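Here is how the chains run, residue by residue.
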Amino acid sequence: MKITAEQILEKNQESRTKCLVYTRVMGYHRPVESFNIGKKGEHRQRTHFTEARCC
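Owing to the predicted nature of the structure, the values given are computational and were not obtained by experimental measurement.

**What to know about the side chain of His 43**
Here comes step 1: Within the secondary structure layout, His 43 lies in helix α2 (residues 37–45).
Here comes step 2: Assessed through its relative accessible area of 15%, His 43 is described here as buried.
Here comes step 3: Contact partners of His 43, with chain neighbours within four places excluded, come to Thr 23, Val 32, Phe 35 and His 48.

Take a look at the structure:
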């Protein structure tokens, strides 16, 4: 029987904690939750990428 993500979350609900997401703004890091509505929208629209290794 395969366990679904919902079952895993239900089982571990009491041990879950809030996850803060930080982003770099103007040279320093700030939590995304402190952004106003407009800035949160901009953050959601950003393109995320992974840099390739140089060597």
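**Things to note about the side chain of Thr 23**
Here comes step 1: Turning to its location among the elements, Thr 23 is positioned in strand β1 (residues 22–25).
Here comes step 2: Of note is the side chain of Thr 23, whose polar atom sits 2.8 Å from the side chain of Arg 46.
Here comes step 3: If sequence neighbours within four positions are ignored, Thr 23 has contacts with Tyr 28, His 29, Arg 30, Val 32, Phe 35, His 43 and Arg 46.

Definitions and limits used
- Residues numbered from 1 in each chain as written.
- Predicted model: local features only at pLDDT ≥ 70, side-chain atom pairs only at ≥ 80, totals over all residues.
- Heavy atoms only, no water.
- Helix = DSSP H or I, 4+ residues; strand = E, 2+ residues; numbered from the N terminus.
- Buried < 20%, exposed > 50% of the residue type's maximum accessible area, 1.4 Å probe, protein only.
- Contact = heavy atoms within 4.5 Å.
- Polar contact = N/O pair within 3.5 Å; in protein donor to acceptor, adjacent residues only side chain to side chain.

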